[in-house]
Amino acid sequence: MAERDLERLMACYQRGDLSAATMLIRELSPQLRRFFVIQLSSRRDADDLLQETWLRIHDVRHTYRPGEPLLPWVYAIARHVRIDHYRKQRRKGAREEHVQDIGQIAAAPHGAHPEDDLEVLLAALPESQREVIQMLKVSGMSIEEVARATSSSIGSVKQKAHRAYNRLRECLGTAASRKSGKGGAS
Amino acid sequence: MTDKEIDAILAKAANTPPPVDSALIGRVTDLIRGSIKPVRPLPADSVLIAALIVICGAVAVAGAAHLGFFGIRRMSVVEIVLIFAALAVFVWLAATELVNEMIPGSRHRANPAAILGGGTLALIAIFGMLFRDYQTTDFVRSGLACLGAGLMHAVPVALASWLLLRRGFAVNPIAAGMVAGTLSGLAGLIMLELHCPNFEVLHVVVWHTAVVLLSGGAGALLARGIRARG
C-alpha cells in the first residue's frame with residue numbers, strides 16, 4: 001500500500017474509524033515486527049513489542065498531523081518502545097547481550113547464508129547502523145524520513161548508512177571468500 | 001563489491017516480510033476497540049512555538065516589571081540590540097526544538113545539548129565583548145540573589161510549557177526535559193537582563209548564564225527521574 005493511502009487510513013483512525021485502524025494495523029504490523037526481530041529481540045519479544053507499539057500508537061494518535069509522513073511517526077514510537085524494553089530488561093538484569101556475540105556474519109548458525117537472510121545479514125552491524133539500513137532499505141523510507149524517525153540529522157543518517165555499507169562490504173567479502181574456499185576444498 | 005550489489009543483496013533478502021499471526025492482530029484490534037473515538041490532532045507547530053515564545057517573554061517581562069527595569073535602562077542601544085537579539089534566537093531555537101521533541105517523527109534541526117551549550121557559549125561571548133567591568137564586588141551574595149530570582153522565573157515557564165504540551169509525546173524524555181529546562185531558564189535570564197543593573201563581566205557570565213545551564217540540567221534530570229520511575 002502506498003504511503004499516501006496509509007496516511008489517509010491514519011487520518012480516518014484519528015476520526016474514530018475502527019476499520020481504518022484495523023487495516024492500518026494489518027498493513028504495518030509485518031514490517032514493524034521485522035523491525036523488532038532485526039533489532040535482536042527474540043521473536044516472542046518482537047510480538048510483545050509489536051502489541052505494545054500499537055497500544056502506544058493508539059494512546060498518542062492525536063500527535064500525528066494529517067499530511068505529514070506517517071512512517072517516521074510510527075517508527076519513532078516503535079523505536080521508543082524498543083528502547084524502553086531494553087531499559088526495563090537491563091534493569092531486571094535479565095537482558096541477554098546478543099549484540100556483541102553476533103559480530104560476524106560468517107558465524108551465523110545452521111550455515112545460514114547472509115545473502116538470503118536479512119536478519120543474519122544485518123546482524124554484523126552495530127545497532128544504530130542496523131536500524132538505519134533497516135528503515136532505508138527494508139521499509140523503503142527516505143533519508144529525511146529516517147532522520148525524523150531516529151531524531152537525528154540527515155548528515156548523521158548518511159554517515160551511518162555509509163559506515164554500514166563499508167561493514168557489509170567487508171563481511172560479505174569475507175563470507176564469499178570462505179564460501180569459495182570451501183568450494184575449492186571439496 | 002559495489003553499493004549497487006549490496007543494494008541488490010539487501011533487496012533480495014528483504015523481499016516481503018513474513019505475515020504476523022492473525023491472533024495477535026485480532027488481540028490488538030480488540031484492545032483498542034473499547035477506546036476508539038475521534039481525537040483532535042495537536043495544533044500546528046507554528047502555533048505551539050509562538051505560544052511558548054509568548055509564555056517565555058510574558059513571564060520575563062512581568063518579572064522585570066515587578067522588580068524594576070533597571071538593567072535595560074543602563075544599557076546602550078548596541079547592548080540592547082545584541083543581547084536581546086541573541087536571546088530571541090536562543091528562545092526561538094529552544095521553543096522549536098521543544099515542540100519537535102514532543103511530536104514523534106518531527107524534523108530536528110539541532111539536539112537539545114547543542115542548543116544549550118552553543119547558546120550559552122554565544123551569550124558568554126556577547127557578554128564578554130560588550131561589558132568591560134572586571135570587578136567582582138559582592139560576587140557571591142549578589143550572584144546568588146540573581147541566580148535565585150532567575151530560577152524562580154523559570155518555574156512558571158516550565159509549568160506553563162508542560163500545560164501547553166501535555167498532549168504531546170516525548171520519544172526521548174531526557175532531551176525534551178533538557179530543552180524545556182533551557183527555555184524556562186531563558187525566561188529567567190531575560191528577566192535578569194531587563195532587571196539587573198550589575199554589568200560586571202564575571203557576574204553576568206557566571207550567575208546569569210548559570211540560570212539557563214542549571215535549568216536545562218534540572219529539566220533533563222527531572223525527566224530522567226520520571227522515566228526511571230516508569
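Residues numbered from 1 in each chain as written. Chains lettered and ligands numbered in written order. Predicted model: local features only at pLDDT ≥ 70, side-chain atom pairs only at ≥ 80, totals over all residues.

Colleague: Mind laying out the overall build of chain B, listing which residues take part and the relevant values?
Modeller: Scanning chain B from terminus to terminus reveals nine helices and zero strands. Reading chain B from its N terminus to its C terminus gives the helix and strand order α-α-α-α-α-α-α-α-α. Computed over C-alpha atoms, the radius of gyration of chain B comes to 23 Å, more than 25% over the 17 Å expected from 2.2 N^0.38 for 230 residues, which places it beyond the range of a compact globule. Taken over 230 residues, chain B has a buried fraction of 39%. Across chain B, every contact between residues at least 6 apart in sequence was considered, and the portion connecting residues at least 24 apart equals 90%. (Helix = DSSP H or I, 4+ residues; strand = E, 2+ residues; numbered from the N terminus. Rg over C-alpha atoms; globule rule 2.2 N^0.38 Å. Buried ≥ 20, exposed ≤ 12 C-beta atoms within 10 Å, placed from the backbone. Contact = placed C-beta atoms within 7 Å.)

Colleague: I'd like a description of the overall build of chain A, backed by residues and values.
Modeller: Broken down by element type, chain A carries eight helices and zero strands. Counting helices and strands in the order they occur from the N terminus, chain A gives α-α-α-α-α-α-α-α. When the 186 residues of chain A are sorted by exposure, 44% land in the buried category. Sequence separation of 24 or more characterises 56% of the internal contacts of chain A that already satisfy a separation of 6 or more.

Colleague: Break down the interface of chain A and chain B for me, with residues and values.
Modeller: Taken together, the contact pairs 49 residues of chain A with 38 residues of chain B. Looking at the side of chain A that touches chain B, the elements with two or more residues in it are α2 (18–38), α3 (43–59), α4 (70–92), α5 (118–122), α6 (127–138), α7 (143–149) and α8 (154–185) of chain A. With 10 residues, the single largest contributor to the side of chain A that touches chain B is α2(A). When the residues that make up the side of chain A that touches chain B are grouped by side-chain class, the tally is 21 nonpolar, 14 polar and 14 charged. (Nonpolar A, V, L, I, M, F, W, Y, C, P; charged D, E, K, R; others polar.)

Colleague: Now, about the nonpolar core: what can you tell me, with residues and values included?
Modeller: Core analysis: the biggest nonpolar cluster contains 99 residues, and C56(B), A94(B), L98(B), L183(B) and L186(B) have the highest contact counts within it. In terms of residue count, helix α8 (residues 173–195) of chain B provides more of this core than any other element does, 13 residues in total. (Core = buried A, V, L, I, M, F, W, Y, C linked by C-beta atoms within 7 Å.)

Colleague: Which residues make up the domain arrangement of chain A, and what values do they have?
Modeller: Residue and element names in this part refer to chain A. Partitioning chain A into structural domains gives domain 1 (1–96) and domain 2 (103–178). At the level of secondary structure, the elements contributing two or more residues to the side of domain 1 that touches domain 2 comprise α2 and α4. In terms of residue class, the side of domain 1 that touches domain 2 is built from eight nonpolar, two polar and two charged. (Domains from an automatic or database assignment.)

Colleague: Help me get a handle on helix α3 (residues 45–67) of chain B, residues and values and all.
Modeller: All names here are of chain B. Counted at 1.5 Å a residue, the expected span for α3 with its 23 residues is 33 Å, and the 33 Å between its end C-alpha atoms agrees. Within α3 the residues assigned to the buried category are L48, L52, I55, C56, V59, A60, G63 and A64. At its buried positions, α3 is contacted by α5 (77–101), α7 (139–165) and α8. A positive phi of about 110° marks G68, the residue just after α3. (Expected span 1.5 Å × (residues − 1).)

Colleague: Mind laying out the domain arrangement of chain B, listing which residues take part and the relevant values?
Modeller: The domains assigned to chain B are domain 1 (3–33) and domain 2 (45–228). Here domain 1 of chain B and domain 2 of chain B have C-alpha centroids that lie 45 Å from each other.

Colleague: An account of the packing of α3(A) against α4(A) is requested, with residue identities and associated values reported.
Modeller: Residue and element names in this part refer to chain A. Here α3 crosses α4 at 125°, and the two axes come no closer than 9 Å. By the angle between their axes, α3 is oblique relative to α4. Where α3 crosses over α4, the handedness of that crossing is right-handed. Note on element contacts: α4 touches α3 through V74, I77, A78, V81, R82 and H85, opposite L49, E52, T53, R56 and I57. Its residues assigned to classes, the contact of α3 with α4 comprises six nonpolar, two polar and three charged. (Axes fitted to C-alpha atoms, helices over the stretch in contact; angles between N-to-C directions. Parallel < 35°, antiparallel > 145°, perpendicular 65-115°, else oblique. Left-handed = near helix turned anticlockwise from the far one by under 90°.)

Colleague: Tell me what's going on with helix α1 (residues 3–14) of chain B, and back it up with residues and numbers.
Modeller: Over its 12 residues, α1(B) runs 16 Å from end to end, which matches the ideal 16 Å to within 8%, given 1.5 Å per residue. Taking burial as the measure, the 12 residues of α1(B) include one buried ones, a minor fraction of the element.

Colleague: So what's going on with the packing of helix α1 (residues 3–14) of chain A against α2(A)? Residues and values would help.
Modeller: All names here are of chain A. It is the contact of α1 with α2, at a shortest axis distance of 8 Å, that shows an interaxial angle of 140°. Here α1 lies oblique to α2, going by the angle between them. Of the two possible hands of crossing, α1 and α2 adopt the one that is left-handed. The residues of α2 that touch α1, namely those facing L6, L9, M10, C12 and Y13, are A20, A21, M23, L24 and E27. A class-by-class count of the residues in the contact of α1 with α2 yields nine nonpolar, no polar and one charged.

Colleague: Lay out the confidence of the model for chain B in plain terms, naming residues and giving numbers.
Modeller: For chain B, mean pLDDT is 95; residues scoring 70 or higher make up 100% of the total. Predicted complex, confidence summary: ipTM 0.88, pTM 0.88. (pLDDT = per-residue confidence, 0-100.)

Colleague: Go over unusual backbone geometry with me, naming the residues and quoting the values.
Modeller: Unusually for a residue other than glycine, S151(A) sits at a positive phi of about 55°. Tracing the chain through its elements places S151(A) in the loop between α7 and α8. Not every positive phi belongs to a glycine, and D138(B) is a case in point at roughly 50°.

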